[in-house]
Amino acid sequence: MIKRLLIFCGLLSCFAFTITTTQDRLQEKFDKAIKSTYEVKDYQLESITALGNIEEKIPAKTAAKNLSRISVQGELIGYTYLGTAPSKKKKFEYVVLFDKDLKIKKSKVLIYREDYGLQIGSQRWLKQFIGMTPDSKVEYGGNIAAISGATISASSMARAVNNVLKTMHILKQENQL
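Just so it is clear, the structure is predicted and the values come from calculations on it, not from any experiment.

Q: Let's hear about the nonpolar core: which residues, and what values?
A: Grouped together as the largest cluster of nonpolar side chains are 36 residues, with contacts concentrated most on Tyr-94, Ile-120, Trp-125 and Phe-129. Of all the elements, helix H4 (residues 151–173) adds the most residues to this core, at 10 residues. In contact with Tyr-94, not counting residues within four places along its chain, are Tyr-81, Leu-82, Gly-83, Thr-84, Ala-85, Lys-108, Val-109, Leu-110, Met-157, Ala-160 and Val-164.

Structural data, given as structure tokens:
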């Protein structure tokens, strides 16, 4: 009985360490993406949550602190959307970074958990989103190149970015940005 309890406690502590490590790694990559994209050392994030019934209308949810304003010494420099999207069997985390005029400056896959489909993390493919605005429409296989061997993940990323752009469009129209 004691041996089983010790084994259970050991497994539980390993699991807790894994969760903490993944969260820490995500935060570290998120922080690095912001600092390198905006070329800043320090910044502040202010969470944006859609007010009223707007949350029901937007495809990319804001309730879990996904969407934030980025500022340096009180001056707005841009916006960030941190999200999760499905790959073939698992999920991956991504970030979309906007300038203060809501134009995409960068998109990045932060954590990808599959052996196949890693190509969606390449800046060569992701740079296709740069310059898109809330009025843009992302079309996988149209204005966004398809990737052989990463069809599910690539189309998922394209859909995710399209949803973020639609969300920004709605929030801008409703004067919530």
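Q: Which residues make up the side chain of Ser-156, and what are the values?
A: With respect to the helices, strands and loops of the structure, Ser-156 is situated in helix H4. Relative accessible area serves as the criterion here: at 3%, Ser-156 is assigned to the buried category. Setting aside chain neighbours within four positions, we find Ser-156 in contact with Ala-85, Pro-86 and Phe-92.

Q: Quick one: what's the story with the environment of Gly-78, residue by residue and with numbers?
A: The residue Gly-78 is located in strand E3 (residues 75–86) in this model. Among the residues examined, Gly-78 registers a relative accessible area of 0% and is labelled buried. Remark: the alpha-carbon pair of Gly-78 and Tyr-38, spanning 40 residues in sequence, is separated by 8.4 Å. Apart from residues no more than four positions distant in its own chain, Gly-78 is found in contact with Tyr-38, Ser-68, Arg-69, Ile-70, Phe-98, Asp-99 and Lys-100.

Q: Provide a residue-level description of the pairing of strand E5 (residues 104–111), including the pertinent values.
A: For E5, the buried fraction is high: 6 of the 8 residues fall into the buried class. By the bridge criterion, 6 bridges tie strand E4 (residues 91–99) to E5 in an arrangement that is antiparallel. The residue bridging Glu-93 from the neighbouring strand is Ile-111, located in E5. Linkage of E4 to E5, two consecutive antiparallel strands, is achieved through a turn of 4 residues, within which Leu-102 is found at a positive phi near 70°.

Q: Explain the pattern of salt bridges to me, and be specific about the residues and the numbers.
A: One pass over the structure, following the stated rule, counts 3 salt bridges. Of the charged contacts, one joins Glu-46 and Arg-69 as a salt bridge, the two residues approaching to 3.4 Å between their closest N and O atoms. Within this pair, whereas Glu-46 is found in strand E1 (residues 44–47), its partner Arg-69 is found in strand E2 (residues 67–72), the two being separated by 23 residues in sequence. For Glu-46, a relative accessible area of 46% puts it in the partly exposed group. A salt bridge links Arg-113 to Glu-93; the shortest N-O distance between them is 2.7 Å. You can see Arg-113 sitting in the loop between E5 and helix H3 (123–126) and its partner Glu-93 sitting in strand E4, a full 20 residues away along the chain. Judged by relative accessible area, Arg-113 falls into the partly exposed class, the value being 32%. By relative accessible area, which is 12% here, Glu-93 ends up buried.

Q: Could you give an account of the packing of aromatic side chains, with specific residues and numbers?
A: One pass over the structure, following the stated rule, counts 4 aromatic pairs. Plain terms: the ring middles of Phe-92 and Tyr-112 are 5.7 Å apart, the flat faces sit at 45° to each other, and that makes the pair tilted. In this pair, Phe-92 is assigned in strand E4 and Tyr-112 in the loop between E5 and H3, connecting sequence segments 20 residues apart. Both residues of the pair, Phe-92 and Tyr-112, belong to the buried class. Each member of the aromatic cluster is reached from another via a ring pair, and the members are Tyr-81, Phe-92, Tyr-94 and Tyr-112.

Q: Outline the sheet that holds E4, listing residues and values.
A: If you trace the 5 strands from one edge of the open sheet to the other, you get E1-E2-E3-E4-E5, paired in antiparallel fashion. With partners counted over all chains shown, the strands left at the sheet margins are E1 and E5, one partner each. In this sheet, adjacent strand axes meet at a mean angle of 25° when their direction is disregarded. Sheet analysis places E1 next to E2, joined by 4 bridges and oriented antiparallel. Looking at E2, one finds that Ser-47 is bridged to Ser-68. Packed on one face of the sheet, H4 meets E2, E3, E4 and E5 and runs near 40° to E4.

Conventions and cut-offs
- Residues numbered from 1 in each chain as written.
- Predicted model: local features only at pLDDT ≥ 70, side-chain atom pairs only at ≥ 80, totals over all residues.
- Heavy atoms only, no water.
- Core = buried A, V, L, I, M, F, W, Y, C linked by side-chain atoms within 4.5 Å.
- Buried < 20%, exposed > 50% of the residue type's maximum accessible area, 1.4 Å probe, protein only.
- Helix = DSSP H or I, 4+ residues; strand = E, 2+ residues; numbered from the N terminus.
- Contact = heavy atoms within 4.5 Å.
- Pairing = 2+ DSSP bridges.
- Salt bridge = Lys/Arg side-chain N within 4 Å of Asp/Glu carboxyl O.
- Phe/Tyr/Trp six-rings, centres within 6.5 Å; stacked < 30°, edge-to-face > 60°.
- Axes fitted to C-alpha atoms, helices over the stretch in contact; angles between N-to-C directions.

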